[in-house]
Structures are given as C-alpha cells and as structure tokens.
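Listed below are the residues making up each chain.
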Amino acid sequence: MNFGEKKMNYLVVVAHPDDEVLGTGATMYKLAQEGHVVNVCILSGEVNARNRRPAVEDLHEDVDNSLNLLGVNRVIKGEFPNIKFNTVPHLKLVQFIEKAIIDTNSEVVFTHHPADLNNDHLHTSLACQAAVRIFQRRPELTPLKELFFMEIPSATEWALNRSMNQFNPNTFIEVGEKAIDKKIEALSMYRGVMRPFPHPRSNEAIKGLAAYRGGQAGMLYAESFESVFRRGF
C-alpha cells in the first residue's frame, strides 16, 4: 500500500459503530499521523438491537470521542436496521456507500470480509464491492486505487461456513505499539464493547493479535488485511 509521498483519501466502510476501530483502528491512527485523510462510513449508526448499547446520544458521543482520538476526519452515519441488512434492498446500501465515496473523494477503501459470521458484515461487504466500481460509470471521479477486506475480532474468526473463502491476509501494515495502544484506548471509549480476557475484544487479545500479525510479517505490531483489488500505481 505504498503510493509514494502523495497524501491519500481513505474510507473505512463498516456495518456498526466500533467495527471501524476493531478492524482498522491502529492503521487509521497511523495514516492520520502521516497526514492522510481518513473518513469512516457506518451504515447502522444507532445499532438498536445491540446488547449493552448506551443511549443514542451517548453512543454518538462514544463514536465521536473514539474517532477523534484516532484522527479521523469525518464520520458518515446511516440509519440502516441493525442485524437486518438482509431486509434492505441491496441497491439502497450500494447507493449510500457510493455517496460516501463521492463525498469523501476516496481512493482506498477498507470494508468487512464477506465470510464474516455477522450477517450485516456480509451485506456491507457485498454492497461495498459493488459501490467501489462507481468510477467506471463516472469518469470524473477519482479512480479507486485499492480495496481491502479487514478482520473483526469475534466475527471474522467465526466464519464457520467453509464453503466460502476465509479471510486470508496478504497485506500487513506495521503500526507499532503506540498505535495499538491508541486503538485499545479508542475501543475503551465505546461503552459496553470491550470484554475481559480471553474474549477476542479484550485488551490482551487485541494486542496479542497485533503481535501475531506483526510476527507473521517480521514487523513490530501490525494489522492485517486482504487486498482484493488494486490498480497500478
């Protein structure tokens, strides 16, 4: 993911609040620190079906506090029904994401892996895969440079349907311990999200996964992704 010294516009497209930090928190922090513009699109901004969810006003405050800490430029929140994306016309999801891509002039997009256990993650991924092709219909738009799938602890590793391709990371972004600590701090700002160890959404598991992914690629803490589309640079 090296496109030279040019500052880039990145967009993280997720189903629910906290997915963006779980999947790309340290990478978002690193990119923002390097001067890139990082935006986030959350399709179900209020996650009404979530257990332990705080009041809506508190949830919005959590989102803003968490992403401000990581240096995110803008958050786009949709109102799609939590755990019911399968009831939403595919075109509505696609068009919402397309608008987010256009409004943020995004060049690189991160989204869910389609084999995730969570059904909303699946439909987000499918809609995002369709939406990122908009530059082919709209030549005045900035062409997509790369599309990544990310891993969400407690969802991606529970991809039990072996008829689907599993998450297979081929891109490792070294973030360092400071960025992982920022990711954990940002997650802690979401009330009711983190769990005690050995849950995958515990401090120890989040940091351990980053150490493991870093070790796979000879790096000091990393987040891993699956690059599924890349245009020449």
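For the structure itself, look to the data block above.
Residues numbered from 1 in each chain as written. Predicted model: local features only at pLDDT ≥ 70, side-chain atom pairs only at ≥ 80, totals over all residues. Heavy atoms only, no water.

## Concerning the overall build of the protein chain
A count of helices and strands for the protein chain gives seven helices and seven strands. Reading the secondary structure of the protein chain in the N-to-C direction produces β-α-β-α-β-α-β-α-α-β-β-α-α-β. For 233 residues, the compact-globule estimate of 2.2 N^0.38 gives 17 Å, and the C-alpha radius of gyration of the protein chain, at 16 Å, lies within 12% of that figure. Seen through its C-alpha atoms, the protein chain measures out along the principal axes to roughly 50 × 40 × 40 Å. Expressed as a percentage of the 233 residues in the protein chain, the buried residues total 51%. Sequence separation of 24 or more characterises 80% of the internal contacts of the protein chain that already satisfy a separation of 6 or more. Carbon together with sulfur atoms contributes 50% to the accessible area of the protein chain, which is approximately 10,700 Å² in total. (Helix = DSSP H or I, 4+ residues; strand = E, 2+ residues; numbered from the N terminus. Rg over C-alpha atoms; globule rule 2.2 N^0.38 Å. Buried < 20%, exposed > 50% of the residue type's maximum accessible area, 1.4 Å probe, protein only. Contact = heavy atoms within 4.5 Å. Areas by Shrake-Rupley, 256 points an atom, 1.4 Å probe, with all protein chains shown as cover.)

## Quick look at the pairing of strand β4 (residues 108-112)
Counting buried positions over the five residues of β4 gives five, a clear majority of the element. Relative to β4, strand β1 (residues 9-14) runs parallel, the two sharing three bridges. Its bridge partner being in β4, Tyr10 is matched across the sheet by Val108. Examined bridge by bridge, β4 and strand β5 (residues 146-150) share five bridges and lie parallel to one another. Looking at β5, one finds that Val109 is bridged to Leu147. (Pairing = 2+ DSSP bridges.)

## Regarding the environment of Val108
Within the fold, Val108 resides in strand β4. By relative accessible area, which is 0% here, Val108 ends up buried. Counting along the chain gives 36 residues from Val108 to Leu144, while the straight-line C-alpha distance between them is 6.1 Å.

## What to know about the sheet that holds strand β6 (residues 171-174)
Ordered in space as β3-β2-β1-β4-β5-β7-β6, the seven strands form an open sheet in which the pairing is mixed. Both edges of this open sheet fall to β3 (74-77) and β6, since each of them pairs with a single strand only. Averaged over all pairs of adjacent strands, the angle between strand axes in this sheet comes to 25°, irrespective of strand direction. Packing against the sheet, helix α4 (residues 119-131) makes contact with β1, β4 and β5, and its axis sits at approximately 155° to β4. (Axes fitted to C-alpha atoms, helices over the stretch in contact; angles between N-to-C directions.)

## A word on the side chain of Asn9
For Asn9, the location among the structural elements is in strand β1. We classify Asn9 as buried; its relative accessible area is 16%. A polar contact of 3.1 Å, which involves the side chain of Asn9, links it to the backbone oxygen of Asn105. Those residues in contact with Asn9, other than ones at most four positions away along the chain, are Val37, Thr104, Asn105, Ser106, Glu107 and Val108. (Polar contact = N/O pair within 3.5 Å; in protein donor to acceptor, adjacent residues only side chain to side chain.)

## Structural notes on the packing of helix α1 (residues 19-33) against helix α2 (residues 56-70)
Their axes nearest at 8 Å, the elements α1 and α2 cross at an angle of 40°. One element, α1, and the other, α2, form an angle in the oblique class. Between α1 and α2, the residues in contact are Glu20, Val21, Gly25, Met28, Tyr29 and Ala32 and Ser66, Leu67, Leu69 and Leu70, respectively. (Parallel < 35°, antiparallel > 145°, perpendicular 65-115°, else oblique.)

## Examining the pattern of salt bridges
Considering all chains together, one arrives at 14 salt bridges under this definition. The salt bridge involving Glu107 is made with Lys6; its shortest N-O contact spans 2.8 Å. Of this pair, Glu107 sits in the loop between α3 (90-104) and β4 while Lys6 is found in the segment before β1, placing the two residues 101 residues apart along the sequence. Lys6 gets classed as partly exposed once you look at its relative accessible area, which sits at 44%. Linked by salt bridges that have partners in common, Asp58, Glu61, Asp62 and Arg191 make up one network. (Salt bridge = Lys/Arg side-chain N within 4 Å of Asp/Glu carboxyl O.)

## Describing the layout of surface pockets
Roughly 380 Å³ of volume is contained in the largest pocket. What lines the largest pocket is a set of 20 residues, and nearest its centre among them are His16, Asp18, Arg50, Asn118 and Arg201. Considered class by class, the residues forming the lining of the largest pocket number eight nonpolar, seven polar and five charged. (1 Å grid on protein atoms, 1.4 Å probe; cavity = no way out; pocket = protein on both sides within 12 Å on 5 of 7 lines; lining within 4 Å. Points joined across faces, edges and corners; volume = space filled by probe spheres on them. Nonpolar A, V, L, I, M, F, W, Y, C, P; charged D, E, K, R; others polar.)

## Topic: empty space enclosed by the protein
Applying the stated criterion across every chain, the model contains two cavities of 30 Å³ or more. Empty space within the largest cavity amounts to approximately 90 Å³. If you go around the largest cavity, the residues you meet are Leu22, Gly23, Glu151, Pro153, Ile180, Lys183, Ile206, Leu209, Ala210, Ala222, Glu223 and Ser224. Every element with two or more residues in the lining of the largest cavity is listed here: α1, α6 (176-188), α7 (203-216) and β7 (222-230). By volume, the second largest cavity amounts to about 60 Å³. Around the second largest cavity, the lining residues are Ile101, Ser106, Val109, Val132, Ile134, Phe135, Leu141, Thr142, Pro143 and Leu144. Broken down by class, the residue content of the lining of the second largest cavity amounts to eight nonpolar, two polar and no charged.

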